[in-house]
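# A structural walkthrough
Residue strings, one per chain:
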Amino acid sequence: MVRDFLRTRTPFETAKTALFFYFVISHSFKLCRHVRARGITDSLKDSWSWTYRQILLLALKVPSVQKEVQQQMNQARLDIEGKLVPQGADVTRHLVLPDEGKSMEWILAEMEKMDGEMGPHADWKHGKLSGAVYHGGEDLSRVIVAAFERYTVSNPLHPDVFPAVRKMEAEIVSMCLRMYNNPDGAGTMTSGGTESIVMAVKTYRDWAREVKGITEPEMIVPATAHAAFDKGAAYMGIKVHLIPVDPVTRKANIKRVRRAINRNTILLVGSAVNFPDGNQDDIVVLGELAAKHNIGLHVDCCLGSFIVPFLEKAGLSDGEDGGAKYKLSPFDFRVRGVTSISCDTHKYGFSPKGTSVIMYRDAALRRHQYYITPYWTGGVYASPSLSGSRPGALIAGTWAAMQYMGSDGYLKSCREIVSCARTIANTITNSIPELYVLGSPPASVVAFGSKSPEVNVHEVGDAMSKKGWHLNALTGPAAVHIACTRLTLPLVDTFIADLRDSVQEAKSAPSGKGTMVMLYGLGKSSAIGPELVSELATMFLDTLYKA
């Protein structure tokens, strides 16, 4: 029957038919893999949400509706500019180069003036921050500045001209590898956690293409993993399967991870600890899955950095109440299946901003991170990461910070910061009944949500903002978090007192007008809420470049 059918058709028609069936079959496989990873129920919900969103977006194109939305967005833009761009007759704007160069005295005076243009609330030294500034103390700052001054013009792109910078970078990577129990591994420095993660994603894409012949790569990422994984996947053309986390433990749902693995999977991701709520995934089980399927496992320790490797030595890794809470599980290269780890030196390593380390189990895997072309007319071009030229001063500052702190310094810092975080977590659990702590965070981050119908936790966050605190709002579930730093240590009692008062304010007199409530309320207001929030985020980014 098939032969008779083919005899009656021209070669062109046969090719069209074959192409049609190839298209149908290949996309059917893709659909099956997607449904298997997401589940039938979630896949149907996604389809319905997408359809509903398209309908609402069409409705927004009605002129009257479009006009109203645009008016509200314009007002939002003005609000954002009012918070970020200094206004007033006394504000000087430097929009063109001066005719003549200015003196150092003038430059420093102008910087001091600009520091005060947005008012005292912009001063980080008050310490009411969640993360943001990882300050190692004034003495360390002087050490870093001295290193900057010595290597101001250095560039590791030219190791023959700046041999000391090359040596320092190699030693920074070596120190981090030993900290994470892989002295024979390999790594590079990057400009921060996002670049470390993007480089890891690029590495696994290229590794899978060369070693396994995968041309349609997919990666499996917990919902609590850093957004940089999505960013890297978008840059590298990789499909992401987002895995939900257990609502109680905040760990990735391993059953869903297993179900999502297929022949195109190149990478599993776990955090130790994650940014949103400070919990860690089950790295041991993820490692077993990665080893079984011969795929990568990247552990994001950008935030855990110089905290989680010292918890064991600090006597804090076993947690409290016999390990019932705050217990740290194995996470580093001692875990079978872990193939790469990212660690931010510029967080709890107290090095200057713009430095991180990406580590691999071996040098063979690291080679897939490099970009090399021998065909450029300017000569052979080779770079280990995204940047070509890089600031050697940052490398020198990082090396100086690590030498200044030493193991004992980081151990002391870990003990103090984690004890501070656990004091906050225990206080919330034991004496603020309206709130609860998300999961069982073993390190420096504490996230809290509301278990009272009378308290909107984002109202609490907005009330804390009025008291001078700069905290992070979360969604899924709605929550607020603080990443404790050395700046938090003298303010822990103030934080707790302010938090108690903010809960009562949110309960008795919610304003409904704070930044957290309005922004994250908008995000959940309808199916197009995320699009509206994205537009606000775009406005925010545009405003950053408004002089």
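Structure: see above.
A brief report on the enclosed structure follows. Remember, it's a predicted structure, so these values are computed and weren't measured experimentally. (Residues numbered from 1 in each chain as written. Predicted model: local features only at pLDDT ≥ 70, side-chain atom pairs only at ≥ 80, totals over all residues. Heavy atoms only, no water.)

## Topic: the sheet that holds strand β13 (residues 479-483)
Strand order in the open sheet made by the 4 strands is β10-β11-β13-β12, with antiparallel pairing throughout. If you trace the sheet from one side to the other, it starts and ends with β10 (435-437) and β12 (472-474), each paired once. Each strand of the sheet is rotated relative to its neighbour by a mean of 30 degrees, with strand direction disregarded. In the packing of helix α14 (residues 457-466) onto the sheet, contacts are made with β10, β11 (445-450), β12 and β13, and the angle to β13 comes to roughly 45 degrees. (Pairing = 2+ DSSP bridges. Helix = DSSP H or I, 4+ residues; strand = E, 2+ residues; numbered from the N terminus. Axes fitted to C-alpha atoms, helices over the stretch in contact; angles between N-to-C directions. Contact = heavy atoms within 4.5 Å.)

## Considerations on the nonpolar core
Ranked by size, the top nonpolar core spans 93 residues in total, and within it Tyr180 and Phe495 carry the most contacts. Take this core: its biggest share by element is 16 residues, from helix α13 (residues 392-431). Setting aside chain neighbours within four positions, we find Phe495 in contact with Ile424, Phe448, Met464, Trp469, Leu471 and Ile482. Among the nonpolar cores identified, the runner-up in size contains 23 residues, and Ala225, Ala233, Leu267 and Ile358 belong to it. (Core = buried A, V, L, I, M, F, W, Y, C linked by side-chain atoms within 4.5 Å. Buried < 20%, exposed > 50% of the residue type's maximum accessible area, 1.4 Å probe, protein only.)

## Some points on the pattern of salt bridges
Scanning the model with the defined rule gives 17 salt bridges in all. Asp42 is the partner of Arg256 in a salt bridge, and the nearest nitrogen-oxygen pair spans 3.3 Å. Separated by 214 residues along the polypeptide, Arg256 in helix α10 (residues 254-260) and Asp42 in helix α3 (residues 40-59) bring together distant segments of the chain. Since its relative accessible area comes to 11%, Arg256 is described here as buried. The exposure class assigned to Asp42 is partly exposed, which follows from its relative accessible area of 23%. Its salt-bridge partner being Arg390, residue Glu169 comes within 2.8 Å of it at the nearest N-O pair. Of this pair, Glu169 sits in helix α7 (residues 163-179) while Arg390 is found in the loop between β9 (381-383) and α13, placing the two residues 221 residues apart along the sequence. Look at Glu169 and you get buried, because its relative accessible area is 11%. Since its relative accessible area comes to 14%, Arg390 is described here as buried. Taken together, the shared-partner salt bridges in this structure form one network comprising Lys202, Arg205, Asp206 and Arg209. (Salt bridge = Lys/Arg side-chain N within 4 Å of Asp/Glu carboxyl O.)

## A closer look at the pairing of strand β7 (residues 356-360)
Buried residues dominate β7, accounting for 5 of its 5 residues. The sheet contact formed by strand β1 (residues 186-190) and β7 spans 5 bridges and is antiparallel. The residue of β7 that forms the bridge with Met189 is Val357. Where strand β6 (residues 340-343) lies against β7, 4 bridges are found, and the strand directions are antiparallel. Bridged to Ser342 within β7 is Ile358.

## So, the sheet that holds strand β2 (residues 218-222)
Strand order across the open sheet formed by 7 strands is β1-β7-β6-β5-β4-β2-β3, with mixed pairing between neighbours. For this open sheet the edge positions go to β1 and β3 (239-243), each flanked by a neighbour on one side alone. Mean inter-strand twist for the sheet, computed between neighbouring axes without regard to direction, equals 20 degrees. Packing against the sheet, helix α11 (residues 283-293) makes contact with β4 (265-271) and β5 (296-300), and its axis sits at approximately 170 degrees to β4.

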